[in-house]
Amino acid sequence: MIHHLKASSPFQEDFHSPGDRSTTTANLLRPDASRLDELHSEIDDVMSRQQEALADLKRMQDTSSLFLDMREQILSEVAATVAALREGLPTFPFLPRHDADEDDASEERHVETVTLGDTNEDVTYDDMGDAALALSLSADARDEEYHGVFRFDGGGPAAIDTFLSEDPNPDYESPNGTFHLPNSGSVSLFVAKETGFGGTVHANSAKTLEVDAPGWYSGSKLYGASLTEATFDLVKVSIYEDDAAHGGTYHSVDIDAANLEQLTVAGNARFHLTSIAESEALQRVDVTTDGEFLLSGFELDHLEDANLSGGGRVVFYADSTSTQAESVRIDAEELSGDVFPLPPGEDTLNISIGAFDGTARGNAEIIGSRTGQNNLTVSGRDLTYTGGEGNDYLHYRRAGELDDMAGFRIEAPSASVHFADLVGQGELALDGGLVRASGDSLVQTEEFLALTGNMLHPDSTDGEVRIVANGEVELDAFRPSDIEPEDYNSAYFARKTGDSHWSVDEEGRFDGRFDFDGSVTNADDETLDGLLFEDDEGDLFYVLDSDTDPGIEAGADAFRIGEVSEGWADGGSVQSAVEVDGFIDDNDLTLLGVGETTLTEHGELA
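Model, not experiment: these values are computed from the prediction.

J.: Looking at this model, I keep getting lost on the overall build of the protein. Mind explaining?
T.: Looking only at helices and strands, the protein has five helices and 38 strands in total. The buried share of the protein, reckoned over its 606 residues, is 44%. Of the contacts formed within the protein by residues at least 6 apart in sequence, a portion of 51% connects residues at least 24 apart. Element-wise, carbon and sulfur atoms account for 45% of the exposed surface of the protein, whose accessible area totals about 29,300 Å².

J.: Can you help me understand the nonpolar core in this one?
T.: Side chains of a nonpolar character, in soluble globular proteins, are inclined to be buried together. Phe150 and Phe232 are the most contacted members of the largest nonpolar core, which totals 107 residues. Counting residues per element, this core draws most heavily on strand E27 (residues 406–438), which supplies 10 residues. Once residues lying within four places of it in the same chain are set aside, the contact partners of Phe232 are Leu209, Val211, Tyr217, Leu263, Thr264, Val265, Ala266, Phe271 and Leu273.

J.: When you look at the packing of aromatic side chains in this model, what are you seeing that I'm missing?
T.: For any pair of aromatic rings, geometry is given as the distance between the ring centres together with the angle between the planes. A complete count under the given rule lists 20 aromatic pairs for this structure. Ring plane angle 50 degrees and centroid distance 5.9 Å describe the contact between Tyr125 and Phe150, whose orientation is recorded as tilted. You can see Tyr125 sitting in strand E3 (residues 122–126) and its partner Phe150 sitting in strand E5 (residues 149–152), a full 25 residues away along the chain. Of the two residues, Tyr125 and Phe150, both sit in the buried class. In this structure an aromatic cluster arises from ring pairing among Tyr125, Tyr146, Phe150, Phe152, Phe179, Phe197, Tyr217, Phe232, Phe271 and Phe293. Between Arg270 and the ring centre of Tyr250, over which it is positioned, the NZ or CZ distance is 4.2 Å.

J.: How should the side chain of Asp529 be read in this particular structure?
T.: Within the secondary structure, Asp529 is located in strand E34 (residues 528–534). In this structure Asp529 is buried but unpaired, with Arg560 as the nearest side chain of opposite charge at 12 Å. Looking at Asp529, its side chain comes within polar contact range of the main-chain nitrogen of Gly551, at 2.6 Å. Apart from the residues within four sequence positions on either side, Asp529 is in contact with Phe514, Val543, Leu544, Asp545, Asp549, Pro550, Gly551, Ile552, Gly595 and Glu596.

About the criteria used
- Residues numbered from 1 in each chain as written.
- Predicted model: local features only at pLDDT ≥ 70, side-chain atom pairs only at ≥ 80, totals over all residues.
- Heavy atoms only, no water.
- Helix = DSSP H or I, 4+ residues; strand = E, 2+ residues; numbered from the N terminus.
- Buried < 20%, exposed > 50% of the residue type's maximum accessible area, 1.4 Å probe, protein only.
- Contact = heavy atoms within 4.5 Å.
- Areas by Shrake-Rupley, 256 points an atom, 1.4 Å probe, with all protein chains shown as cover.
- Core = buried A, V, L, I, M, F, W, Y, C linked by side-chain atoms within 4.5 Å.
- Phe/Tyr/Trp six-rings, centres within 6.5 Å; stacked < 30°, edge-to-face > 60°.
- Lys NZ or Arg CZ within 6 Å of the ring centre and 35° of its normal.
- Lys, Arg positive; Asp, Glu negative; His and termini not counted.
- Salt bridge = Lys/Arg side-chain N within 4 Å of Asp/Glu carboxyl O.
- Polar contact = N/O pair within 3.5 Å; in protein donor to acceptor, adjacent residues only side chain to side chain.

Quick look at the structure:
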């Protein structure tokens, strides 16, 4: 059965059309200043007729009691009319209103109150104008009991509340209703404690959504084409057995809101929000949770700002975020993860920031959880990262070029930092942890330079430098089985050169000093010692000893010269100390570092 319910006023006559009624109402609530002269004329006319009536009565000497009653009635009505007109004149709007919102605010909006129980009947409210909706739904611990189609075309706010059914469904098989609110400017939902809501809401004119759910908000779908702001405040619930021990039962919502720009989440619940359609507009996310918030399906291309706090955890499921935002800031310092029981192997904060899809490189500022576990990936940007006291995993990749190196500053008590295909320079302020460089990378800090893959030599395809907490360095420790040793190369150069210097004796042999006290190992093979130089333009060159014995001995006379990313000089042929000395002088090279490399005699690299 379909109920077509039309809103009408008892003060309007039946023959008035909806257009007539709206016009009459508008004229009453918004009088025009042009009617002022008409009102004055009406007052004068009433007073003139009063004087004529009094004169007539005075001329009637034999007035009957009927005429005396009429005289009193006329005088009373005239006096009341004049008083009412005079009272209204001081407040008459001499200038027309030009702000429709002010008019609306001065009116008392009609609120249509509806209660629905366990039924599959369709209900439709037509011609509601700008009326608001207060909808109450009988519900059990799982879902609302209504399972029909409800339609309300009013333009005012729509509020949906649940209340506990008198006869809750013990089997948790309550169906869900469908609610069409095509003209509502805003939608709010309150899911009462011990009740649930899982209905589908179509509200494509609503700009804002507010959900307050002490009860279970699960399996719901929301369609909001105009929605720009959504707020969720969700309370921990445990519908299923043993769920309390894992942080409660998930609240889960699917949302179709292509224009959603701001999202706010609060509470101590486990909440999974999924976008089921295009969703590129989201710019700001504010989360304060003692539970778990999972965001998936959102493309997050425009995400600029995320502020995360509370005792819970937050995960953004997206391949990469912020590709349309030149600057992005994530602040999760107060997201502790000390209230929600963190699943084994899971993180307090997990997010991936993509490269900016613009002419500039873009930048990212990230403050990780101070006490929890952070797992972050940043691509193609300059990076500032501040970690916490927990376990930090930072993947920084695919940024910078030799003539435009990426900049970074990474600070944490302890962290595992992985540079992959990165050409960058900056500061590493770590008390402990692990630093890796892999792929085709050049990582330069105040302490060292790490070179891998084709950044070291164009014929190399990969490589790895691992710097562990105690300062030990491993080169190519985990070479993939599908890459040959000669194609997998890396180098480590310490910036502290000590007494190291290049010079030759009178006989043209090396008599400088190689002062390197680091510990470098190569699991696959031996290493070559080397000196790293820099010219005035910032180009980097390395001079390698030709034998694998530790250090560069006095009297050495066989070297190889290479340029970072360019390859061997003179095709990799052996150079004498005199030739190297000439090369250094001709290119005005300055010693930059000392270290070791895996570029030993392998195939074409020899």
